Amino acid sequence: MTKPHPHKPTPSNKPNTKRFGINALSIGAAAIGLGGALLAVFLRSKANPAEHAAPDLALDKPRPGATDRAPDAFRPDPTAVPTKAERESLRPATGPAPSFAADRGSTLG
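Scope of this entry: the structure provided in the associated data block.

Each value, and the rule that gives it
- Residues numbered from 1 in each chain as written.
- Predicted model: local features only at pLDDT ≥ 70, side-chain atom pairs only at ≥ 80, totals over all residues.
- Heavy atoms only, no water.
- Helix = DSSP H or I, 4+ residues; strand = E, 2+ residues; numbered from the N terminus.
- Areas by Shrake-Rupley, 256 points an atom, 1.4 Å probe, with all protein chains shown as cover.
- Salt bridge = Lys/Arg side-chain N within 4 Å of Asp/Glu carboxyl O.
- Buried < 20%, exposed > 50% of the residue type's maximum accessible area, 1.4 Å probe, protein only.
- Patch = residues over 30% accessible without salt bridge, like charges linked within 9 Å, V, L, I, M, F, W, Y side chains within 5 Å.
- Polar contact = N/O pair within 3.5 Å; in protein donor to acceptor, adjacent residues only side chain to side chain.

The next subject is the overall build of the protein. From N to C terminus, the protein includes 2 helices and 0 strands. Approximately 11,700 Å² of the protein is accessible, and the part contributed by carbon and sulfur atoms is 63%.

If you want it as structure tokens, here you go:
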């Protein structure tokens, strides 16, 4: 009969608590990840009531080409004379741009 080596530990029936903790953490992380993925799919599939379908942008609709024109009701009248207010609204902006910083020598008040 051989004697057990004095430096070799004897096998025990006690479970390895370090391995159990790592397994529990990995299972918990996988469960959290799966739950997050399911939540993302659920929230993405939920329709937004503020949005509506745009049938004119459907993929099966024909796309206008370079020779297609807008309907007459949507075309601007090229012979119309702009009013004074329209002309003023189209005038380019001139002068210094507004700023948050005060100019040198000016007072805030």
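On to the pattern of salt bridges. A pair can form between side chains of opposite charge whenever their charged atoms are brought close. Tallied over the entire structure, the rule returns 2 salt bridges. Among the ionic pairs, Asp 72 bridges to Arg 75, the shortest N-O distance being 2.9 Å. When its relative accessible area of 61% is taken as the criterion, Asp 72 is described as exposed. With its nearest N and O atoms 3.0 Å apart, the salt bridge here joins Glu 88 to Arg 91.

Nonpolar side chains collect at one region of the surface, where Leu 39, Phe 42 and Leu 43 lie side by side and expose about 310 Å² of accessible area between them. Turning to its location among the elements, Leu 39 is positioned in helix α1 (residues 17-45). A relative accessible area of 47% means that Leu 39 is categorised as partly exposed.

As a further point, take the environment of Ser 89. For Ser 89, the location among the structural elements is in helix α2 (residues 84-89). For Ser 89, a relative accessible area of 57% translates into the label exposed. A polar contact is formed between the side chain of Ser 89 and the backbone oxygen of Glu 86, at a distance of 2.8 Å.

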